[in-house]
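Take a look at the letters that make up each chain.
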Amino acid sequence: MRKPAGPPLSWALTDPSPAAFLLQLLRRARQKQRLAEAEPPDTARMPPSKKPCSGPPATLSPQRSIYFLSPREPPARLGPEFFNQPAVALAQAFLGQLADHTELRGRIVETEAYLGPDDEAAHSRGGRQTARNRGMFMKPGTLYVYIIYGMYFCMNVSSQGDGACVLLRALEPLEGLESMRQLRSSLGKGTSGRTLKDRQLCSGPSKLCQALAIDKSFDQRDLATDGAVWMEPGPPGPEPTVVAAARVGIGQAGEWTHKALRFYVQGSPFVSVVDRAAERVQP
DNA sequence: CCTAAGATTTCCT
DNA sequence: GGAAATCTTAGGA
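Residues numbered from 1 in each chain as written. Chains lettered and ligands numbered in written order. Predicted model: local features only at pLDDT ≥ 70, side-chain atom pairs only at ≥ 80, totals over all residues. Heavy atoms only, no water.

- In the annotation of an unreviewed UniProt entry, the entry for chain A reads DNA-3-methyladenine glycosylase isoform X2, and the organism field reads Echinops telfairi.

1. Examining the pairing of strand E8 (residues 262-265)
- In E8, alternate side chains face the same way, and those of Arg262 and Tyr264 on one face and Phe263 and Val265 on the other are all buried.
- Summarising the sheet, strand E2 (residues 103-114) and E8 pair through three bridges and their orientation is antiparallel. Considered in E8, the bridge of Glu110 is made with Tyr264.
- Where strand E7 (residues 242-245) lies against E8, four bridges are found, and the strand directions are antiparallel. Following the sheet pairing, Ala244 is matched in E8 by Phe263. (Buried < 20%, exposed > 50% of the residue type's maximum accessible area, 1.4 Å probe, protein only. Helix = DSSP H or I, 4+ residues; strand = E, 2+ residues; numbered from the N terminus. Pairing = 2+ DSSP bridges.)

2. What to know about the packing of aromatic side chains
- Taken as a whole and judged by the stated rule, the model has one aromatic pair.
- Over the ring of Phe218 we find Arg221; its NZ or CZ atom is 4.0 Å from the centre of that ring. (Phe/Tyr/Trp six-rings, centres within 6.5 Å; stacked < 30°, edge-to-face > 60°. Lys NZ or Arg CZ within 6 Å of the ring centre and 35° of its normal.)

3. Considering the protein's contact with DNA strand C
- Among the seven residues in the neighbourhood of DNA strand C, the closest are listed as Arg128, Thr130, Tyr149, Gly150 and Met151.
- Between DNA strand C and Arg132 there is a distance of 3.3 Å, counted from a sugar or linking oxygen to a side-chain nitrogen or oxygen.
- The class makeup of the residues in the surface near DNA strand C is two nonpolar, two polar and three charged. (Near = heavy atom within 4 Å. Polar contact = N/O pair within 3.5 Å; in protein donor to acceptor, adjacent residues only side chain to side chain. Nonpolar A, V, L, I, M, F, W, Y, C, P; charged D, E, K, R; others polar.)

Next up, the structure:
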């Protein structure tokens with residue numbers, strides 16, 4: 001461990017441009033929604049889908065994901081030669097293959113910066129480096145996914161600065177909303193069977209992990225090269241007003257408790273916690 | 001080994 | 001607005 005040369009600033013801080021907040025998070029979900037009900041409802045990491053074989057209600061517009069194929073497709077993919085066979089043979093060859101093309105996509109609207117060893121609210125405070133938080137110390141763009149309260153996940157992205165990272169707290173869901181709804185209902189507790197509104201899908205650090213099916217297996221993956229999860233620039237457009245507010249749920253962390261290290265897009269209905277007082281103080 | 005707390009969410013009053 | 005759910009991790013004995 002070494003002292004950071006410069007200020008251990010996160011992307012959000014080094015690049016004050018709202019473009020940094022408009023990066024979109026995408027995840028190509030190769031969901032295990034195989035029609036097979038073969039999977040017993042065991043308590044595995046990845047909960048099985050309960051729906052027998054139906055996808056989302058047919059009333060929804062079809063996914064457009066095939067038009068958004070990423071340059072980083074997963075290597076394991078059936079190529080042209082596979083499809084070049086007679087219908088009967090192909091029909092049989094299809095059995096057992098995965099047939100979904102779901103992309104789960106959202107615009108990042110809320111983040112928090114954790115600055116590293118000096119930050120009393122960070123898992124890396126005091127330079128603590130453990131098996132769990134190793135991702136915080138890896139190269140910028142590395143994911144740090146950890147389990148919180150024994151049942152939820154939080155997703156961070158390592159930034160410049162030793163032990164510094166950015167927590168993703170909320171997304172505006174853009175694509176794959178029905179899949180997100182299903183994931184949130186099956187992964188989350190009860191939900192009382194009520195249908196979740198769009199703004200309830202990703203408005204919280206653990207909610208967005210559920211909606212994107214992010215779990216511990218994503219820990220220490222590289223956002224820049226991974227085949228299943230990545231970020232891309234948001235569309236050009238008017239720059240949103242960014243609010244800087246205190247971080248959420250960090251308890252007592254001395255002088256760090258109230259530092260304005262949480263950032264969100266003002267007016268977005270997809271933000272998890274709105275801070276009216278902080279909004280009045282903005283420049 | 002044992003204990004306490006946790007970058008949360010959901011349900012109840 | 002308050003409390004439960006639920007278990008890993010960190011830190012001390």
